Amino acid sequence: ADGGRNLSLDSIPMGLPMSDPTAWATAMNNLGMAPMGMTGQPLLPDFDPALGMMTGIPPINPMMPGLGIVPPPIPPDMPAVKEIIHCKSCTLFPPNPHLPPPATRERPPGCKTVFVGGLPENGTEQIIMEVFEQCGEVIAIRKSKKNFCHIRFAEEFMVDKALYLSGYRIRLGSSTDKKDTGRLHVDFAQARDDLYEWECKQRMLAREERHRRRLEEERFRPPSPPPVVHYSDHECSIVAEKLKDDTKFSEAVQTLLTWIERGEVNRRTANNFYSMIQSANSHIRRLVNEKATHEKEMEEAKEKFKLALSGILVQFEQIVAVYHSASKQKAWDHFTKAQRKNISVWCKQAEEIRNIHNDELMGIRREEEMEMSDEEIEDPSEMKETEESALVSQVEALKEENDSLRWQLDAYRNEVELLKQEQGKASRDEDTTKEQQLKLLQQALQGMQQHLLKVQDEYKKREAELEKVREDKLKIETLLETLKEQESSTSRICACSQEKECPAEKTLSNSPVKSEREALLVGIISTFLHVHPFGASIEYICSYLQRLDSKICTTEVEVLMTRLQHTFKQELSGVGASLEKRWKFCGFDGLKMT
């Protein structure tokens, strides 16, 4: 590469001796021309330095190898050889092929701009355009005063052609001055315009991809359900028939729901919709029966599972018994170490699996026992409440029927008024039919009025029954209160008798707490009542204490609490029949009093 100066066509090749054909052959090879007619013949008169080629030789095509910017395709096993490039006002000499390739930065996305450094000081934009326009269409050149510039191309692949010139030495004309020479350094440059165009292109590709995906989704999307038909008398009769059929019930119910939500119900169509709703209500019994059959099947499946599990457990017990019998000394001594190890491992695994299955079976039995106990243990007060709620629900149902019948009466009256209005407008032939319709409507009205009277009588009877039940409940509550008062009076009498029997103990100790047991009871009761700031009944307190000690009785606890007046106080809560005595913790206030 350093000897490239000897290959210049402007100065040095003019002084070469004619008897040195090898130098000319090398220069012609570097220019990409065949060395024809160079064996000792005088070639200087035929050489045209302005054209840079020999006369008599056909003109050089820019696409010929060696003169183009991008070299011809080279086999992968051969190294690339850069050639001299001649332009109108400058010459480019290739770098040393033994040197490493010039370093470049990471390529920015959508890069169309290159940085060119190492330009000659006397280089102009025309010279730069002359050199780099062979790489492709140049859009803009931004030259700096410090011997570098930025060149923007039209396409991205042109940047790769421009990078091929990195490392070339440039010389302007035939001058050897430093200001007319330089070493080119071409690298990727980051420009906002390139990035913006690349982002626009990426967005366009993303839009196309979204459009393609949307088309794919629409192609594979299931078809939408058929639209619900509009209401008409004919469609209403069809839907009413479908509602009676179990197989078409779900479809018909969806249509009915859509009609009601659309607002198709009016005075004219109210009876038709009521009949359809009534037929839909008739399916409740069928659904309840289906649920009962499924529950029965589930219970049968549970029983089968329980039986199968118990059979499996029996077989596991037998297998474990075999392992235990084999581990006895009579048979154990005859096995080898490996056999004994395997038998012990198998025995442990079988016992673990047996225990898991046994726990599962016991859990199923516990659940069944809990269900049985929940069914057996029921308070009589809950039974009465359920009876009351049943009566209340029946009364509400009768009220709803009464309201629906009233609405039907209003609808019939409106229809009668409409018929009367139409009667004056219609012809005489239609009068007879309208009179018949009026008679039929009057008969229907009479029947509805009779039905209303019956419903009202039933309503009055149920209200009377409800009042009786309430009176019975009040009587039972008063009896319970009297019984509680009797129990409290008896407990006080017992406490007084105990105090009379042991006066000596009172004289010995003046403190209300006589033993460590009573002190423990006072502490537990005070913590319990501190958690219940609104107080608790004596039965509630005793039920909590009896969990800790079943021997504790209510009289003992009540006597102890009455003795400690500065620690516990009794208050009445409720009104009338719901009066209740509650104990509260007042130790913080009693501390100040004492």
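Just so it is clear, the model here is predicted, and its values are computed rather than measured.

## Let's talk about a negative patch on the surface
Phase 1 of the analysis: A surface patch of like charges, here negative, comprises Glu396, Glu400, Glu401, Asp403, Asp457 and Glu458.
Phase 2 of the analysis: If you list the elements that add at least two residues to the negative patch, you get helix H11 (380–425) and helix H12 (428–501).
Phase 3 of the analysis: The dominant element in the negative patch, judged by the number of residues it contributes, is H11, at four residues.
Phase 4 of the analysis: Take glutamate 401: its relative accessible area is 41%, and that puts it in the partly exposed class.

## A few points about the pattern of salt bridges
Phase 1 of the analysis: Inspection of every chain in the model, using the stated rule, returns 21 salt bridges.
Phase 2 of the analysis: Salt-bridge contacts for lysine 291 lead to glutamate 295; the nearest nitrogen and oxygen are separated by 3.9 Å. Here lysine 291 pairs with glutamate 295, and both are found in helix H8 (residues 283–326), just four residues apart, close to one helical turn.
Phase 3 of the analysis: Two residues, arginine 582 and glutamate 580, come together in a salt bridge whose shortest N-O distance is 3.5 Å.
Phase 4 of the analysis: Ionic contacts of the salt-bridge type, sharing partners, join the residues Lys112, Arg152, Asp194 and Glu197 into one network.

## So, the side chain of asparagine 402
Phase 1 of the analysis: Along the chain, the position of asparagine 402 falls in helix H11.
Phase 2 of the analysis: Excluding anything up to four places from it in sequence, asparagine 402 contacts Leu452, Val455 and Gln456.

## Section: the environment of glutamate 558
Phase 1 of the analysis: Turning to its location among the elements, glutamate 558 is positioned in helix H16 (residues 554–563).
Phase 2 of the analysis: Accessibility expressed as a relative area gives 11% for glutamate 558, which makes it buried.
Phase 3 of the analysis: The contacts of glutamate 558, once residues within four sequence positions are left out, are Ser488, Ser491, Ile538 and Trp583.

## Considering the confidence of the model for the protein
Phase 1 of the analysis: Considering every residue of the protein, the mean pLDDT works out to 79; 79% of them sit at 70 or more.
Phase 2 of the analysis: Taken element by element, the protein is modelled with least confidence in strand S2 (residues 53–54), mean pLDDT 39, and with most confidence in strand S5 (residues 113–117), mean pLDDT 95.
Phase 3 of the analysis: Low pLDDT, under 50, characterises residues 1–71; the stretch is placed with 83 contacts to residues that sit more than four places away or in other chains.
Phase 4 of the analysis: Every residue in residues 504–508 scores below 50 in pLDDT, and together they form two contacts with partners more than four places removed in sequence or on other chains.

## Comments concerning the sheet that holds strand S7 (residues 148–153)
Sheet strands associate in pairs through backbone hydrogen bonding, adopting either a parallel or an antiparallel arrangement.
Phase 1 of the analysis: Here we have four strands laid out as an open sheet, ordered S6-S7-S5-S10, and antiparallel in their pairing. Of all the strands in the sheet, just strand S6 (138–143) and strand S10 (185–188) have a single pairing partner and so form its edges. Across this sheet, the average inter-strand angle for adjacent strands is 20 degrees, counted without regard to direction.
Phase 2 of the analysis: Note: S5 against S7, five bridges, orientation antiparallel. The residue of S7 that forms the bridge with threonine 113 is arginine 152.
Phase 3 of the analysis: Set on the sheet, helix H2 (residues 125–132) makes contact with S5, S6, S7 and S10; between it and S6 the angle comes to about 140 degrees.

## Re unusual backbone geometry
Phase 1 of the analysis: Even without a glycine there, the phi angle at asparagine 147 is positive, about 65 degrees.
Phase 2 of the analysis: With respect to the secondary-structure elements, asparagine 147 resides in the loop between S6 and S7.
Phase 3 of the analysis: You can call asparagine 147 partly exposed: its relative accessible area is 25%.

## Observations regarding the pairing of strand S8 (residues 169–172)
Phase 1 of the analysis: The alternating pattern of S8 places Arg169 and Arg171 and Ile170 and Leu172 on opposite faces, both of which are buried.
Phase 2 of the analysis: Here four bridges tie strand S4 (residues 90–93) to S8, and the two strands are oriented antiparallel to one another. Bridge pairing in S8 places leucine 92 opposite isoleucine 170.
Phase 3 of the analysis: Pairing of S8 with strand S9 (residues 181–183), which is carried by three bridges, proceeds in the antiparallel orientation. Note that in S9 the partner of isoleucine 170 across the bridge is glycine 182.

## Focus on the sheet that holds S9
Phase 1 of the analysis: With antiparallel pairing, the four strands of this open sheet are ordered in space as S3-S4-S8-S9. Unpaired on one side and paired on the other, strand S3 (85–86) and S9 mark the two borders of the sheet.

## Thoughts on the nonpolar core
Phase 1 of the analysis: Ranked by internal contacts, the top residues of the largest apolar core, which has 31 residues, are Val116, Phe132, Ile151 and Phe153.
Phase 2 of the analysis: Where this core is concerned, the elements lending two or more residues are S4, S5, H2, S6, S7, helix H3 (157–163), S8 and S10.
Phase 3 of the analysis: Look past the residues within four positions of phenylalanine 153 in its chain and what remains in contact with it is Lys112, Val114, Phe132, Cys135, Gly136, Glu137, Val138, Ile139, Met158, Val159 and Ala162.
Phase 4 of the analysis: Leu529, Ile538, Leu545 and Trp583 belong to the second-largest nonpolar core, a separate cluster that totals 17 residues.

## Description of the packing of helix H5 (residues 233–244) against helix H7 (residues 270–281)
How two helices sit against one another is set out by the angle between their axes and by the gap between those axes.
Phase 1 of the analysis: The geometry of H5 relative to H7 is characterised by a closest axis approach of 9 Å and an angle of 15 degrees between their N-to-C directions. With respect to each other, H5 and H7 are oriented roughly parallel. Regarding H5 and H7, the two cross each other, and that crossing is left-handed. Mapping the contact onto sequence places Asp233, Cys236, Val239, Ala240 and Leu243 in H5 and Asn272, Met276 and Ser279 in H7.
Phase 2 of the analysis: Class assignment for the residues of the contact of H5 with H7 results in five nonpolar, two polar and one charged.

## Notes on the packing of H5 against helix H6 (residues 249–262)
Phase 1 of the analysis: Between H5 and H6, the shortest axis-to-axis distance is 8 Å and the interhelical angle comes to 140 degrees. The angle between H5 and H6 places the two elements in the oblique class. For the element pair H5 and H6, the recorded crossing hand is left-handed. When H5 is examined against H6, the residues Glu235, Cys236, Val239, Lys242 and Leu243 are found in contact with a partner set consisting of Phe249, Glu251, Ala252, Val253, Thr255, Leu256 and Trp259.
Phase 2 of the analysis: Split into classes, the residues belonging to the contact of H5 with H6 amount to eight nonpolar, one polar and three charged.

## A look at the environment of proline 102
Phase 1 of the analysis: Take proline 102: it is sitting in the loop between S4 and S5.
Phase 2 of the analysis: Among the residues examined, proline 102 registers a relative accessible area of 39% and is labelled partly exposed.
Phase 3 of the analysis: As a C-alpha pair, proline 102 and leucine 163 span 61 residues in sequence and 9.5 Å in three-dimensional space.

Here is what the cut-offs are and how they apply
- Residue positions are given per chain, counted from 1 along the sequence in the order it is written.
- Side-chain atom pairs in this predicted model are given and counted only at pLDDT of 80 or more, local residue features only at pLDDT of at least 70, and totals for whole chains, interfaces and linings cover all residues.
- Hydrogens and waters are ignored; side-chain quantities use all the structure's heavy atoms.
- Surface patches are defined over residues having more than 30% relative accessible area and no salt bridge, joining like charges when they lie within 9 Å and nonpolar side chains (Val, Leu, Ile, Met, Phe, Trp, Tyr) when within 5 Å.
- Residue burial considers only the protein chains on display, and all accessible areas are found by Shrake-Rupley using a 1.4 Å probe.
- Each reported salt bridge corresponds to a side-chain nitrogen of Lys or Arg within 4 Å of a carboxyl oxygen of Asp or Glu.
- Charge assignment in this entry is limited to Lys and Arg as positive and Asp and Glu as negative, and neither His nor the chain termini are counted.
- Note that the charge is assigned to NZ on lysines, CZ on arginines, CG on aspartates and CD on glutamates.
- In this text, helices come from DSSP runs of H or I with a minimum length of four residues, and strands from runs of E with a minimum of two, each type numbered from the N-terminal end.
- Partly exposed describes any residue whose relative accessible area lies between the buried limit of under 20% and the exposed limit of over 50%, with all areas from a 1.4 Å probe on protein chains only and scaled to the type maximum.
- Note on definitions: a residue-residue contact is assigned when non-hydrogen atoms from the two residues lie within 4.5 Å.
- Per residue, pLDDT captures the predictor's confidence, and it can take any value from 0 to 100.
- In this analysis, strands are considered paired if DSSP registers two or more bridges between them.
- Each axis is a line fitted through C-alpha atoms, and for a helix only the stretch in contact is used; angles between axes span 0 to 180 degrees, taken between their N-to-C directions.
- Each nonpolar core is a collection of buried residues, namely Ala, Val, Leu, Ile, Met, Phe, Trp, Tyr and Cys, held together in the definition by side-chain atoms within 4.5 Å.
- For this classification, under 35 degrees means roughly parallel, over 145 means roughly antiparallel, 65 to 115 means roughly perpendicular, and everything else is oblique.
- Here is the rule for handedness: rotate from the far helix to the near one, and if that takes an anticlockwise turn smaller than a right angle the crossing is left-handed, while a clockwise turn gives right-handed.
- All residues other than Ala, Val, Leu, Ile, Met, Phe, Trp, Tyr, Cys, Pro, Asp, Glu, Lys and Arg, Gly among them, are scored as polar; the first ten of these are nonpolar and the last four charged.

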